[in-house]
Amino acid sequence: VQLVGSGGGLVQPGGSLRLSCAAFGFTFSSSAMGWFRQAPGKEREFVAAISWSGGNTYYADSVKGRFTISRDNAKNTVYLQMNSLKPEDTAVYYCARSQYSSGGRHAQSDFDYWGQGTQVTVSS
């Protein structure tokens, strides 16, 4: 199993980025997926999750209305579109596979495989 994240970088406040996470080695279309982030000196926190079909999505309150999670099961890829970025969104972002296909459980222990992380820096 491998999850390979990409798309991070440096962006000004108010800007946008799209993260991608390509999945290998498991049946992606049967798995819910999620994004977490970890800012310097802070615990890793849940950002967003999506069910196996894409029909259900879940967001942390801090990103609701600004971030959108989506997936393309034909490409074995999950995305995180981030708009109206703020300096407090600066963090390493991780994609992860959920052990529950509904995507409705968001503790770190509910996810069994993790990507390597991609840095997002929001700064002027």
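A short tour of the structure in this document, coming up. (Residues numbered from 1 in each chain as written. Predicted model: local features only at pLDDT ≥ 70, side-chain atom pairs only at ≥ 80, totals over all residues. Heavy atoms only, no water.)

**Here's the deal with the sheet that holds strand β8 (residues 77-82)**
Picture the strands of a sheet paired through backbone hydrogen bonds; they go either parallel or antiparallel. Going by this rule: Two strands pair under a simple rule: DSSP has to find at least two bridges between them. In DSSP terms, a helix is any run of H or I states spanning at least four residues, a strand is any run of E spanning at least two, and both are numbered starting from the N terminus. Lines fitted to C-alpha atoms define the axes, with helix axes restricted to the stretch in contact, and inter-axis angles between N-to-C directions lie between 0 and 180 degrees.
Strand order in this open sheet of four strands is β1-β3-β8-β7, and the pairing throughout is antiparallel. Edge strands, defined here as strands with exactly one partner in the open sheet, are β1 (2-6) and β7 (67-72). Going across the sheet, the axis of each strand differs from the next one's by a mean of 15°, ignoring polarity. By the bridge criterion, five bridges tie β1 to strand β3 (residues 17-24) in an arrangement that is antiparallel. Each residue of the ladder has a partner; that of Val4, found in β3, is Ala22.

**Quick look at the pattern of salt bridges**
Operational definition: By convention in these notes, a salt bridge is any Lys or Arg side-chain nitrogen within 4 Å of a carboxyl oxygen on Asp or Glu.
Counting across every chain of the model gives six salt bridges. Among the ionic pairs, Asp61 bridges to Lys64, the shortest N-O distance being 3.2 Å.

**Focus: the pairing of strand β5 (residues 45-50)**
What counts, and what does not: A simple rule labels every residue: compare its accessible area, found with a 1.4 Å probe on the protein chains alone, to the largest value its type can have, and call it buried under 20%, exposed over 50%, or partly exposed in between.
Most of β5 is tucked away: five of the six residues are buried. Pairing geometry for strand β4 (residues 33-38) and β5, over five bridges, is antiparallel. Its bridge partner lying in β5, Met33 is registered against Ile50. In this structure, the hairpin formed by β4 and β5 is closed by a connection of six residues, where Gly41 is found at a positive phi of approximately 75°. Here three bridges tie β5 to strand β6 (residues 57-59), and the two strands are oriented antiparallel to one another. The residue of β6 that forms the bridge with Ile50 is Thr57. Between β5 and β6, which follow one another and run antiparallel, lie six residues, and Gly54 among them has a positive phi close to 90°.

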